[in-house]
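Residues per chain are reported as follows:
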2 protein chains.
Amino acid sequence: MSELDYIRWIRSQTPKAPRVLLGPGDDAAVVDWATGKPCVVTTDMLLEGSCFRLAEAGPYLVGRKALAVNLSDIAAMAARPVAAVISVGLPRQGGREIAAELYRGARELADQFETPIVGGDTNSWDGPLVISVTILGEATDRGVVRRSGAQPGDWLLVTGPLGGSIQGKHLTFIPRVREALRLHEVADLHAMIDISDGLAQDVNHICEESHCGAVLTAEAIPITEAARKMSDAKSPLQHALSDGEDFELVFAVSREDGERLPRAELGMVKIGECVAEGLWLEECGVRKPLEVRGYVHEF
Amino acid sequence: MSELDYIRWIRSQTPKAPRVLLGPGDDAAVVDWATGKPCVVTTDMLLEGSCFRLAEAGPYLVGRKALAVNLSDIAAMAARPVAAVISVGLPRQGGREIAAELYRGARELADQFETPIVGGDTNSWDGPLVISVTILGEATDRGVVRRSGAQPGDWLLVTGPLGGSIQGKHLTFIPRVREALRLHEVADLHAMIDISDGLAQDVNHICEESHCGAVLTAEAIPITEAARKMSDAKSPLQHALSDGEDFELVFAVSREDGERLPRAELGMVKIGECVAEGLWLEECGVRKPLEVRGYVHEF
């Protein structure tokens, strides 16, 4: 199959979407932005062997994940996704089938979140599979939620249980776009981030940007079944604190908002509070420094 | 160096830009779009060994090229670039120096075209270097120029000489953003494309999308010195017709516009005309079918 045939196929698969003024097949895509709302843009690249194992995950779930991690970043800004572009570097062996399955995985999630795939770039090469997605979103009327607005006294909450995502959730998670938009409507979100590096690391990101500290309550942190079943040297709590790729949201709101949030309805759990400085874990009433561990790319 | 240190460095390097509401360092970047103008989005991925040779080009020119090919796509729509995001997969060996040089090359061109780099994703892996850029642009008040509006009788023009870009121009070309915007002001551009696959192939793209044909005049096609000096089995004209990555623009305008365009000032050359059907080369007054050859990714 040539790239041109593939683009033809993509074009035949692409449904009409109201804001897509020009879809795949020209030098660029054109998306209606008559709202005048700020454009929120995020990009993530997934690399075979480093971010996924193709033989285990299969191309369908890799395509899905490439879209999902970007949707999760849009969610972390409490923005609404609008359109996506996808670039791939395909291995020569089996590239055609991989391309079709990648697209199918990305497309199914894109459809669920009404985020049309408007363009991309398809290459083949002698290297392993690489896929790079960029998503455009738009801020709601309430603006975006940054990492930098948390204040001492704020409550910290998460959207779901944590840890052990390597057992499967890192491929199949549902990005918290809807939850973020709903939260943004009903509360004044001071700061928010999606948990990609690990809870401790990502809370630390909020603290650094907000120039405050945080204390997490060990007993309150929701832990997945997957983390409980992992049979290694780490405790389930350690998994929940340091495993990457949970893709839940952690956010800071005032105590008042925290108390009146319909937490049960939204599946939210309070895990701690912001303080003046330091990063702490409180366990059985004893406060100890929390080591920031999580996944960090070194180069 | 960790990804976090690199992001800190990028943030320290990033100048304030009026439309960048939020730059690198959060979950996504935010770009002001109060104009309400359509968002033009394009993405291109460059892969080591397939799209460039790192040892020959060096990371500075690779970074520059990754930005340039995307700016060229924005130019081909006659749009104005607004912001860029850059994702990279770095080889473990020398990744830090490569990252810094890639960024420097991309940044210099970005500055020239007032296109702030607002975000990205930096990874290291065991594979070769890969870089993926997405650029957001905005349509001018005249809208975008597609591939699909050419009509029989239109003149076809190019913005500069063609062929032999492999000798260096494919790395050092200046994307025709300014020329495209100027042309869009002074003429009614029916169709436009940037020459990435080769002149014949790219004129064929215009013809397919416009449902028309074209006849190119062999004697009129401007040929680079580089193409004239290539000592292989192909003639200089064949190089100009089929070499990829010239990144000049080819466009269709009415005969009236073509005659009154300040062609010399803008460095434009008429190379042929649109006809009802077929793709032809007229040489010494004799019209022959023009074979479409150029670079096409197969997978």
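Cut-offs used in this document
Sequence order as written defines residue numbering, which begins from 1 separately in each chain. Following the order in which they are written, the chains are lettered starting with A and the ligands numbered starting with 1. The model is predicted, so local features are restricted to residues of pLDDT at least 70 and side-chain atom pairs to those at 80 or more, both for listing and for counting; the totals for chains, interfaces and linings are taken over all residues. A run of H or I in DSSP counts as a helix once it spans at least four residues, and a run of E counts as a strand once it spans at least two, with each numbered from the N terminus. Radius of gyration here is computed from C-alpha atoms only, and the compact-globule reference equals 2.2 Å multiplied by the residue count raised to the power 0.38. Buried residues are those with 20 or more other C-beta atoms within 10 Å of their own C-beta, exposed residues have 12 or fewer, and partly exposed residues lie in between; C-beta atoms are placed from the backbone. When the copies are overlaid, the least-squares fit takes in C-alpha atoms only where the residue has pLDDT of at least 70 in both copies. A residue pair is marked as a contact if its C-beta atoms, positioned from the backbone, fall within 7 Å. Each axis is a line fitted through C-alpha atoms, taken for helices only over the stretch in contact, and angles between the N-to-C directions span 0 to 180 degrees. Comment on the angle field: the value is read as roughly parallel under 35 degrees, roughly antiparallel over 145, roughly perpendicular from 65 to 115, and oblique elsewhere. Helix crossings get a hand from a simple test, with the near helix turned counterclockwise from the far one by less than a right angle marking a left-handed crossing and a clockwise turn marking a right-handed one. All amino acids are sorted into three groups, where Ala, Val, Leu, Ile, Met, Phe, Trp, Tyr, Cys and Pro are nonpolar, Asp, Glu, Lys and Arg are charged, and the leftover types, Gly among them, are polar. Two strands make a pair as long as DSSP finds a minimum of two bridges between them. Segmentation into domains, and thus their bounds, comes from an automatic or database assignment. The quantity called pLDDT is the predictor's confidence in a given residue, expressed from 0 to 100. In plain words, the nonpolar core is the set of buried Ala, Val, Leu, Ile, Met, Phe, Trp, Tyr and Cys residues that C-beta atoms within 7 Å link up. By definition, the arc is the one covered by directions from the helix axis to the C-beta atoms.

Right, let's talk about the overall build of chain A for a bit. A tally of regular secondary structure across chain A gives 10 helices and 13 strands. For 299 residues, the compact-globule estimate of 2.2 N^0.38 gives 19 Å, and the C-alpha radius of gyration of chain A, at 20 Å, lies within 12% of that figure. C-alpha extents for chain A along the principal axes are approximately 65 × 45 × 35 Å. The 299 residues of chain A split such that 57% are buried.

Least-squares fitting of chain B to chain A yields an RMSD of 0.0 Å, with the superposition described by an axial translation of 0.0 Å and a rotation of 180 degrees. These values place the two chain copies in the arrangement generated by a two-fold rotation axis. Residues of chain B ranked by C-alpha distance from the rotation axis are headed by G36 of chain B, positioned 2.0 Å from it. Of the interface residues in chain B, 98% have counterparts in chain A that sit at the interface too, so the contact is made through matching surfaces.

Right, let's talk about the packing of helix α2 (residues 54–76) of chain B against helix α3 (residues 95–112) of chain B for a bit. All names here are of chain B. Look at α2 against α3: their axes get within 7 Å of each other, and the N-to-C directions meet at 45 degrees. In terms of their interaxial angle, α2 and α3 are classed as oblique. Here the hand of the crossing between α2 and α3 comes out right-handed. Facing G58, P59, Y60, L61, V62, G63, R64, A66, L67 and A68 of α2, the residues of α3 in contact are I98, E101, L102, Y103, R104, G105, A106, E108, L109 and A110. When the residues that make up the contact of α2 with α3 are grouped by side-chain class, the tally is 13 nonpolar, three polar and four charged.

Residues and elements named next belong to chain B. Sheet architecture is open: seven strands sit in the order β8-β10-β7-β11-β9-β12-β13, paired in mixed fashion. With partners counted over all chains shown, the strands left at the sheet margins are β8 (191–194) and β13 (286–289), one partner each. Direction aside, the axes of adjacent strands within the sheet are offset by 25 degrees on average. The sheet contact formed by strand β7 (residues 155–158) and strand β11 (residues 269–275) spans four bridges and is antiparallel. If you follow L157 over to β11, its bridge partner there is K270.

With that out of the way, let us pick up the pairing of strand β13 (residues 286–289) of chain A. Residue and element names in this part refer to chain A. Alignment of strand β12 (residues 279–283) against β13, held across four bridges, turns out to be antiparallel. When the sheet's bridge partners are listed, E283 is paired in β13 with V286. In this structure, the hairpin formed by β12 and β13 is closed by a connection of two residues, where C284 is found at a positive phi of approximately 50 degrees.

Now for unusual backbone geometry. Peptide bonds are trans in most cases, and residues, glycine excluded, mostly fall at negative phi. The phi angle at F247 of chain B is positive, at roughly 60 degrees, despite the residue not being glycine. Position of F247 of chain B among the secondary structure elements: in the loop between α8 (236–242) and β10 (249–253).

On to the domain arrangement of chain A. Residues and elements named next belong to chain A. Taken as a whole, chain A is organised into domain 1 (3–138) and domain 2 (155–289). One C-alpha centre belongs to domain 1, the other to domain 2, and the line joining them spans 28 Å. Counting from both sides, the interface comprises 14 residues of domain 1 and, opposite them, 14 residues of domain 2. For the side of domain 1 that touches domain 2, the elements supplying multiple residues, two or more each, are α2 (54–76) and β4 (80–91).

Turning our eyes to something else, we now look at the interface of chain B and chain A. In many reports, interface size means the accessible area that the parts give up when they come together. Listed per partner, the contact involves 66 residues of chain B and 65 residues of chain A. Class assignment of the residues belonging to the side of chain B that touches chain A gives a composition of 33 nonpolar, 19 polar and 14 charged.

Confidence along chain A averages 95 in pLDDT terms, with 98% of residues attaining 70 or more. Scoring the predicted complex yields pTM 0.96 and, for the interface, ipTM 0.95.

So, about the nonpolar core. Core analysis: the biggest nonpolar cluster contains 200 residues, and V31 and V41 of chain A together with V31 and V41 of chain B have the highest contact counts within it. Non-local contacts of V41 of chain B, meaning those with residues more than four positions away in its chain, are made with A28, A29, V31, A83, V85, V118, G119 and L136 of chain A together with T134 and L136 of chain B.

Residue and element names in this part refer to chain B. Where helix α5 (residues 177–186) is concerned, the buried positions are V177, E179, A180, L183 and H184. Around the axis of α5, the buried residues are gathered within 165 degrees of arc, so they sit on the same side. Taken together, the buried residues of α5 touch α2, β4 (80–91), β10 and α10 (263–266).

A few words now on the environment of S231 of chain B. All names here are of chain B. Residue placement: S231 occurs in the loop between α7 (225–229) and α8. Looking at S231, the number of C-beta atoms within 10 Å reads 5, which means it is exposed. As for S231 and R8, which are separated by 223 residues in sequence, their C-alpha atoms are 48 Å apart.

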